[in-house]
Amino acid sequence: MKDTIIIKATCPYCGKETCIEVDEAKYARFKRGENINSALPELSASKRETLRNGVCAKCQGGSWAGWAEDEEKDFGNDDEER
Ligand SMILES: [Zn+2]
């Protein structure tokens, strides 16, 4: 198993918290200033965007391939369940 950590990002627009699993060592490289595209190439563009500025799937547009599997389809019911 690789050492992965869960990054929680809070959306600045709607306040939704998004959890993204990343390789700890690679995330550390990103935090030290490495370009996120080279530090975390395995993440989808949308997840990299969420890591960078916290903007959630919905607020980015919510139409990315590869994201839907992680995103609950609960439109219109934000943050009611937790
Ligand atoms: Zn949002």
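Above this text you will find the structure in question.
Below, the structure is looked at part by part. (Residues numbered from 1 in each chain as written. Predicted model: local features only at pLDDT ≥ 70, side-chain atom pairs only at ≥ 80, totals over all residues.)

1. Brief notes about helix 3 (residues 45-53)
Among all positions of helix 3, only Ser46, Lys47, Arg48, Thr50 and Leu51 are buried. Packed against the buried residues of helix 3 are strand 1 (4-10), strand 2 (17-23), helix 2 (36-39) and helix 4 (57-60). At the exit of helix 3 stands glycine 54, carrying a positive phi of roughly 80 degrees. (Buried ≥ 20, exposed ≤ 12 C-beta atoms within 10 Å, placed from the backbone. Helix = DSSP H or I, 4+ residues; strand = E, 2+ residues; numbered from the N terminus. Contact = placed C-beta atoms within 7 Å.)

2. Points about the nonpolar core
Within the largest apolar cluster, eight residues are counted, these being Ile20, Val22, Tyr27, Phe30, Ala39, Leu40, Leu43 and Leu51. Elements supplying a minimum of two residues to this core: strand 2 and helix 1 (24-31). The contact partners of phenylalanine 30, leaving out residues within four places of it in the chain, are Ile36, Ala39 and Leu40. (Core = buried A, V, L, I, M, F, W, Y, C linked by C-beta atoms within 7 Å.)

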